[in-house]
Each structure stands twice: as C-alpha cells, then as structure tokens.
Amino acid sequence: MVNLRTSNSSCMQRNAAYNASWSLMYFMITFEGENGLLRVYYPGNIIIGGLFPIHLKSIRTNTSAPLSCQDYDIQMFLRSQVMIYAIREINLPNITIGYDIYDTCGDVGLALRATLQLLKNQSDPQSCLVPADAQSKLTEPETKVVIGERTSEASIAVARLVALSSVAQISYGSTSEVLSRKYKFPTFLRTVPSDEYQTRGIVELVKTFYWQTVIIVGSDDEYGKYGSDSLVKTFSKTDICIEFVHILSADFNANGSKTQTELTELLEKTENSSAEAIILFTKEINVEIILKGAINHKFNRTWIASDTWSSSPKIFAIPGIQLAGQVFGFIFKQNEVPGFKDYVMSMFNGTQKNAFVEYHLTQHPLCSNQSEEIKVNNCSPNNQLESNQCLGTSFLANCIDKEESYNIYLAVQVIVEGLRNLLKCDDHHCERSSKFTASELLSEIQKVNFTVGTTRIFFNSDGDPSLGYDIVYWNMSEFNKGVQIQTIGEYLPNGKITKVPESLVHLINHTGSAYNCAKTCDPGQELTKTKICCKVCVSCADGAFSPGNGSACKPCANNQYSIAEQRDQCFNKTDEFLLWTDPFSVILSSLAVVGIIATVVFAVLFAVYLKTPIVKAVGGYLCFLELFSLVAGFCLTFTFIGKPTEKIHCVGVPLFGVSFTLCISCILANLLQILVAFNFDLNVESWIKKLNKPLLVVTIVSGIQLALSVSWLIVKPPIPKEMPGKVTILQQCETQSPEYFIAMLAYNAFLGFICFVFAFKGKQLPDLYKNASLITISMLLFVVIWIIFLPIYLTLTGKYKPAVQSAAILTSCFSVLGCHLAPKCYIMLFRKELNHESAITEYIRKHYERKGISVVQS
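Note that the structure is a prediction, hence the values are computed from the model and not measured.

**Here's the deal with the state of the cysteines**
- A complete count under the given rule lists 5 disulfides for this structure.
- What pairs with C69 in a disulfide is C105, and their sulfur atoms sit 2.0 Å apart. A torsion of 95 degrees about the S-S bond marks the disulfide between C69 and C105 as right-handed. Taken as a pair, C69 in strand β4 (residues 68-72) and C105 in the loop between β5 (97-103) and α3 (108-118) lie far apart in primary sequence, 36 residues in all. The two residues C69 and C105 agree in class, both being buried.
- Residue pairing for C425: its cysteine sulfur links by disulfide to C430, the two sulfurs lying 1.8 Å apart. One disulfide, between C425 and C430, carries an S-S torsion of 110 degrees and so falls in the right-handed class. Each member of the pair, C425 as well as C430, is classed as buried.

Spelled out as structure tokens, the structure:
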C-alpha cells in the first residue's frame with residue numbers, strides 16, 4: 001500500500017520552494033516576456049480565476065530546457081480584458097470581486113500548473129493542496145470559480161483537477177461533447193454549445209445543400225477525435241455517405257517532414273475522391289497547414305469549418321485563400337460586449353492598466369501618431385505584423401470578436417447571477433457574507449436562468465447552455481477585398497436550420513464540378529452508385545425511362561418502349577402482324593385467289609363432263625366434295641393475314657385440318673374404287689370390297705378429324721396473344737394445346753401415308769388416267785411439305801410465322817389440285833379421244849395382253 005501521509009514540515013518546505021520559484025518566474029515574465037506563466041491578479045472578497053492562451057504555442061527545445069511561449073495572439077489578449085472589464089462592472093453591495101488570470105500558452109501542462117496555483121488556499125499558502133490524510137476534505141481554495149480553458153483538450157485536464165475542490169469551471173470555447181459527461185466532469189459548465197449540437201448542425205447544413213458525400217478530417221486530440229466520431233455517428237443515421245475519415249497525427253502541427261508527407265497523402269486522397277464537401281474538425285493551426293497545402297496544389301473544394309476556425313483572421317489572411325474554394329462554417333452566436341469597445345479605447349491610461357496590458361505594450365507599443373498606425377480592415381495575427389509594430393487603439397477595437405468575447409462576458413454574468421442568488425443580494429445589500437464554499441456557488445450557478453441582453457441563458461443537466469450557432473459563408477467573390485464573412489443562417493437549439501437563402505442553396509447545389517458526384521441527370525438517365533459514395537449518371541436500359549433530375553429509371557408499360565436517343569419518355573409500341581399490304585401477303589393472297597378460281601373452273605368442267613368416264617374415274621360425285629374441300633383450304637389462307645381475332649383468324653388451323661381430311665378421304669375412297677374395279681384376283685380379301693362404299697368412307701374418315709377439331713375448339717382453342725417485343729407487340733394466335741395440333745397433323749399424315757400405299761399398289765393396275773400414279777405424287781408432296789414445315793414453324797418467330805402456315809396449306813392444296821385433278825381437266829379439254837369407254841377398254845386389253853393374259857372382247 002502506498003503511504004499517502006506526509007509530514008507537515010516537508011509539505012511546508014515544498015510549498016516554500018514552489019512559492020519562491022513562482023515569484024521568480026513572475027518576475028522574469030514581467031520583464032523578459034515569453035518564458036513561463038504570465039499572470040494578472042486583483043484582490044477581492046471573492047476571487048474568479050481565468051485561464052487564457054494568450055500565447056498560442058509553447059515550445060521546449062530539450063527535456064531540461066524551460067518552456068518558451070510563442071505566437072502572441074492579440075484577440076486572446078483582448079478576450080482576457082473582457083473578463084477583467086466584466087468583473088469591474090459587477091456591482092454587489094459591500095463585496096469586491098477579484099480575479100486571478102493566467103496565460104496558459106496553449107499548453108495542457110501549463111494550464112494544470114496555473115490551475116494548481118488557483119486552487120491554493122491563500123489564507124494558508126503553506127498548506128498542501130492534497131491533505132496528509134486521504135480521508136480528509138481538501139482545503140477550501142480562495143478561487144471559487146474558474147473561467148476557461150479555451151480548448152477542449154486543456155479543459156478536460158483542468159476539469160478533472162478543479163472537480164477535486166468542487167470549484168465550478170465555465171469554459172468560453174471548449175465544445176467537446178466529452179465534457180458533457182457529468183460523471184466524469186461534475187463541475188464543468190460552458191457558455192458555448194457542445195460539439196454534439198455542432199456536429200448535428202453540420203449534418204443539417206450538408207442536407208440543406210443536398211450534398212451526398214463528404215470527407216471528415218479530425219485530429220488526434222479530444223476536440224478533433226470526439227468531434228469526428230460524433231459526425232460519423234450522426235451521418236450514419238442519414239443517406240449521406242462518408243468517403244473516408246482522416247485523423248491527423250498528434251504532431252501534425254509541428255509542420256515537419258512527417259507533416260508534409262501526411263499532408264500530401266491527404267490531399268492526393270481527397271483530390272481523387274468524389275466528396276462534395278470536406279469537413280475540417282480540428283484546431284486552427286492544423287487547418288492553416290492543410291489550406292496552405294491545398295492552395296499550393298491548386299486544390300479548389302468546398303470546406304465546412306468547425307467553430308475553431310470559422311471566423312479565424314489567421315486563416316482568411318492566408319495569401320491566396322480565395323483559391324482554396326468555398327468555405328461554410330459554424331460560429332457561436334454573435335453579440336457585442338456592451339461598452340467594451342470604449343473600455344479598449346481607454347485601456348492604456350493609468351486607471352485601466354494591468355500586467356497583461358503592460359506586456360502587450362512590450363509587444364506592440366502605442367503609435368505616437370495616426371500615420372504610423374497599420375492600415376488593415378481585419379485583425380491580423382502576430383506573424384503577419386512586423387516585430388514591435390506599433391498599434392493604435394482603433395486597430396485593437398477592430399480586433400474585438402463577437403463570439404468568444406461575448407461567451408466570456410456571459411460566463412462572468414452567470415457567476416454574478418449565481419452570487420446574487422447565493423448571497424441573497426438586491427441593489428442595496430446582501431443578506432449573506434462572502435464566506436461560502438465553492439460547492440455552494442457551483443450549485444447556484446447550475447440553477448441560473450436569466451436573460452443577458454437578448455440572450456437567454458440556462459444550463460441543462462449536462463452543463464450545456466441553450467445557445468445555437470450562426471452559420472457563416474466566406475464570400476470571396478471580390479478578389480481584391482479579401483474574405484467577407486457573411487452570416488447566412490442559424491442553427492437553433494431545437495435542431496433546425498433557418499434563414500439560409502434559397503438562392504445560395506440553388507447556386508451551390510446546381511453548379512457541379514468535375515470532382516462532384518452527379519446530383520442531377522439529363523432526361524433519360526438515372527443516378528447510379530459506382531464507388532464508395534459516388535453516383536454517376538447512367539442511361540436507362542431498354543424499356544425504361546427517367547424524366548430527369550437523377551430520378552430512378554422506371555420500366556415502361558408492356559405496351560410501351562423507350563429509344564436510346566430519347567429515354568425521357570415511353571412511346572407506344574406498334575402492333576406487329578402480317579399486314580394485307582405485305583408483299584408476302586400479296587403473294588399468298590394472289591396464289592389463294594388463283595387456286596380458288598382454278599378450283600371453280602375445275603368444278604365447272606367436272607359438271608359439264610359429269611357423265612364421262614374420266615369424271616367417274618376420279619370418283620364421280622366425290623370429286624365435287626374434293627373440290628369443295630380445296631376451295632375451303634384456299635379460303636382459309638386469308639385467315640392467317642391481318643390482326644388475329646379469336647373467331648376468325650385463330651380457327652384457321654383446326655378448320656384446315658377438317659377440310660384437308662375431307663379432301664384426303666375423297667382420294668382414299670377413289671383409290672379403293674380403283675383397287676376393287678381393276679383387281680381380278682379371286683383371292684382379294686372380302687374386307688376390301690366391303691370398304692368400297694365411298695360415302696361411308698368419307699363420312700367415317702372425315703368424322704374422326706371433325707370430332708378432333710371440334711373438341712380442340714371447345715376445350716383449348718387457339719387464342720390471340722400479344723407478344724411484346726422491343727418496339728412492337730407481335731399479334732399472333734397461340735396454340736394453347738400443342739397436343740391437338742400434333743394429333744391433327746399426325747392424323748392427316750397417317751391418311752396421306754395410307755393413300756400413298758394404296759396409290760403405289762394401284763400403279764400396277766390398268767389405269768388409263770394414271771390416277772394412282774398422280775395420287776402417289778400428290779401425297780408424297782403433301783407429306784414432304786409438312787415434314788419441312790414443322791421444324792420451321794416450331795423455330796420461327798415473328799409476324800411471318802402465320803405466313804409459313806398459309807404457305808404450307810396452299811402448297812398442300814395445289815399439290816392435290818395440280819397432280820390429281822389438273823391432268824383430268826387437260827384430258828377433258830385437249831385429249832377428248834381418251835374420254836370414252838372404248839379407249840378405256842382398249843387400254844385394259846392391251847395391258848393384259850402384254851402380260852400374256854387373253855381378254856375376250858364383247
């Protein structure tokens with residue numbers, strides 16, 4: 001166990017040594033400048049501590065060397081004077097408010113050192129801050145409240161220390177959301193909004209300008225790291241994409257070779273990105289390095305500034321800052337400290353001087369006349385001024401900011417309100433003396449709720465105020481006039497952004513750069529994600545359209561299409577079918593008409609020569625039934641042309657099956673007649689003779705196909721069907737039942753094969769008119785035609801598919817008409833001598849004589 005007890009004598013010795021070194025340091029600072037801690041002290045009944053980084057940077061050359069404070073900041077000097085001015089304005093009856101303010105040089109270690117000094121019990125300066133007994137209470141410090149620190153990193157360290165003595169700490173610039181955790185920092189309060197609100201505001205700003213992808217650059221400290229994490233967390237709840245997050249190394253601000261390497265990598269990565277906005281959530285000194293690098297690389301982007309640099313004179317004084325691009329930022333609510341400008345103008349007379357003022361005069365003495373005064377519009381940082389450059393009071397008055405200065409003023413007013421409530425003061429007296437503990441004052445400060453000017457101030461349970469942000473835009477349109485910071489809106493505590501001009505939103509959002517992801521697309525295009533965050537415009541696919549503005553492509557209706565040159569709308573598809581004007585249709589129709597005319601002419605001839613042997617040879621009255629079926633077949637050709645309808649066009653194939661079966665049945669009956677008439681073999685089977693009943697044969701054979709076709713039309717008839725293509729809708733009859741279609745063709749093929757067999761067998765008979773031979777040829781053609789037709793029909797698509805069916809039907813009909821019946825008409829007209837019974841008898845006699853069979857003539 002570690003022994004926490006220490007003898008009083010050793011404690012007193014340490015305190016004596018510490019005080020001696022402190023007094024020496026104070027002496028050195030007063031006369032030598034930047035070594036050690038610069039302090040200003042004013043006694044009073046109640047002491048308010050202050051921590052200000054009047055020098056922005058501390059440097060230690062080696063381990064044993066003392067710290068050196070550099071980069072004297074005029075604005076921070078003026079902010080320390082705001083605290084002094086506000087305290088002097090306090091009017092509490094019979095109570096004097098003093099102050100003890102330190103320059104922490106932007107260094108956490110020095111801030112802790114100053115805090116330890118503030119927490120000493122001035123009534124017993126020889127006592128230890130930590131008591132000898134670990135169970136004892138800490139000594140009550142003379143300083144009852146501390147204003148500061150500025151940075152979150154320093155405030156976190158200070159907050160842990162002042163909490164030991166229950167001393168209230170009110171920061172005027174620390175925004176890290178970590179400080180809102182009361183279980184870690186129970187005495188911390190602030191007069192600036194938490195980064196939690198700022199990060200929400202940044203996200204709302206990005207949404208306001210419709211940006212879709214961002215880059216977040218933070219730093220390896222409490223402010224930058226927690227701010228970046230909060231941004232990532234808040235963006236994750238939106239559709240906005242974070243391309244990458246970069247956390248700067250802890251020694252980035254050293255600006256050495258390592259910094260330059262990291263900067264180059266960051267800029268190259270950013271330049272190759274598609275981010276529309278870059279959020280720099282880090283210290284001012286880091287931002288300066290990054291923006292200078294961006295200017296050198298001619299890197300023009302949109303930047304979003306956190307509160308640390310949104311209105312920084314040091315940043316907008318960078319040469320060529322206009323080349324870096326557009327800057328949006330968040331600053332604390334702006335208000336002037338009432339009366340402070342007049343105070344600054346009279347600050348250098350005898351009554352207003354203090355140690356800080358004296359030190360300022362060693363850096364920048366007052367100008368003896370106006371001609372020596374520096375002529376600038378904005379407050380420039382020290383490195384922009386010549387060494388020992390004289391400054392006039394009017395210049396300093398122009399350097400007063402309206403953000404942190406007012407936050408410091410608010411912090412003093414909060415303390416005063418807490419004291420009034422604690423001491424029960426009115427305008428004339430206080431009921432209670434100035435003897436109270438720091439924890440009592442803390443309790444009262446946490447409960448304040450009052451108005452300062454137009455600002456309503458109170459703290460929530462996390463110690464955060466009810467204050468919003470102003471949103472600023474760096475107007476750099478007038479190159480010669482430098483940066484003009486314009487307030488374009490505000491982010492309210494309720495989470496809403498107001499007053500941002502719509503014209504600015506439209507201008508920023510509508511004008512895209514090469515690095516931007518596409519936000520709007522031409523008509524006929526949609527936004528498509530191609531990288532981590534980037535969306536580009538891609539033309540809509542076939543059959544889709546987009547009206548523009550990046551909206552998603554939508555499919556056209558089934559009866560519509562889009563063209564490559566114009567994908568912003570859909571066009572109605574045209575119906576596609578075999579038109580009557582199509583050349584193929586004209587040819588088929590002409591052939592069908594020729595076939596009909598020829599069939600009618602044949603019918604007339606057969607009627608004229610009805611009683612002659614040649615008509616009897618082709619079946620007599622059956623030939624008219626055959627001719628009728630052929631006319632029906634030719635007429636059915638027209639059902640395959642035009643837009644299909646269920647009752648006319650789609651019944652063509654079943655009806656053709658019936659009509660052609662009727663034709664084949666007539667031929668089959670005729671063949672049976674020939675076989676029976678000319679076969680003198682006494683052993684001919686009796687069943688063949690029984691089949692020689694033409695009407696019965698035709699009825700039975702045709703009846704089977706008729707029954708098949710009728711059932712097809714009843715059960716699953718062919719129906720019109722729309723088959724959408726790219727730009728057309730194919731109108732066709734769909735065979736719902738391929739089984740019926742195959743059965744119909746198979747039955748006709750079977751009949752054709754039977755006729756072919758009988759006809760081939762009949763070729764040996766004494767047939768003057770070659771009926772059997774001609775039927776053989778016609779049936780062979782029929783079978784070959786449909787063998788060729790089937791694979792073509794099954795594989796072909798498009799409007800000419802019905803034409804193939806029509807062509808097959810025409811060819812089948814013409815094969816019968818041309819091979820079976822046309823030769824008979826030829827004999828009727830041109831070989832009339834053969835159309836007599838004597839010619840037939842003579843032909844039969846000679847036929848059998850050649851076979852050596854004697855024939856008896858009657």
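Once you've had a look at it, read on.
**Some remarks on the side chain of T199**
- With respect to the secondary-structure elements, T199 resides in helix α5 (residues 195-208).
- Within polar-contact distance, the side chain of T199 engages the side chain of S230 at 2.9 Å.
- Every residue in contact with T199, bar those within four places of it in the chain, is listed here: G227, S230, L231, T234 and F281.

**Some thoughts on the packing of helix α2 (residues 74-88) against helix α11 (residues 355-363)**
- Packing of α2 against α11 brings their axes to within 10 Å, and their N-to-C directions diverge by 160 degrees. Overall, the two elements α2 and α11 adopt an arrangement that is roughly antiparallel. As for how α2 packs across α11, the hand of that crossing is left-handed. Together, F77, S80 and Q81 of α2 and F356, V357 and H360 of α11 make up the contact between the two elements.
- In the contact of α2 with α11, the residues fall into 3 nonpolar, 3 polar and no charged.

**Comments concerning the side chain of S171**
- Relative to the helices and strands, S171 resides in strand β7 (residues 168-171).
- Look past the residues within four positions of S171 in its chain and what remains in contact with it is G148, E149, R150, S155, F188, L189, R190, T191 and V192.

**Side note on unusual backbone geometry**
- Look at the link from G148 to E149: it is a cis peptide, with omega at -10 degrees.
- By secondary structure assignment, the location of E149 is in the loop between β6 (143-147) and α4 (152-162).
- Positive phi outside glycine occurs at D71, with the angle close to 60 degrees.
- Residue position: D71 is located in strand β4.
- Of the residues examined, D71 reaches a relative accessible area of 27% and is grouped as partly exposed.
- The phi dihedral of K424 is positive, around 55 degrees, even though this residue is not glycine.
- Here K424 is to be found in the loop between α13 (404-423) and α14 (438-446).

**A word on the pattern of salt bridges**
- The final tally for this structure, using the stated rule, is 21 salt bridges.
- A salt bridge links R79 to E404, with the shortest nitrogen-to-oxygen separation between them at 3.6 Å. Of this pair, R79 sits in helix α2 while E404 sits in helix α13, and the two are 325 residues apart along the sequence. This pair shows no difference in class: R79 is buried, exactly as E404 is.
- Of the charged contacts in the structure, one is a salt bridge between E440 and R432, with a shortest N-O distance of 2.9 Å.
- On the accessibility criterion, R432 (28% relative accessible area) is partly exposed.

Quick notes on the rules
- Residues numbered from 1 in each chain as written.
- Predicted model: local features only at pLDDT ≥ 70, side-chain atom pairs only at ≥ 80, totals over all residues.
- Heavy atoms only, no water.
- Disulfide = S-S within 2.5 Å.
- Helix = DSSP H or I, 4+ residues; strand = E, 2+ residues; numbered from the N terminus.
- Buried < 20%, exposed > 50% of the residue type's maximum accessible area, 1.4 Å probe, protein only.
- Polar contact = N/O pair within 3.5 Å; in protein donor to acceptor, adjacent residues only side chain to side chain.
- Contact = heavy atoms within 4.5 Å.
- Axes fitted to C-alpha atoms, helices over the stretch in contact; angles between N-to-C directions.
- Parallel < 35°, antiparallel > 145°, perpendicular 65-115°, else oblique.
- Left-handed = near helix turned anticlockwise from the far one by under 90°.
- Nonpolar A, V, L, I, M, F, W, Y, C, P; charged D, E, K, R; others polar.
- Salt bridge = Lys/Arg side-chain N within 4 Å of Asp/Glu carboxyl O.

In short, shape yes, function no, at least from these values alone.
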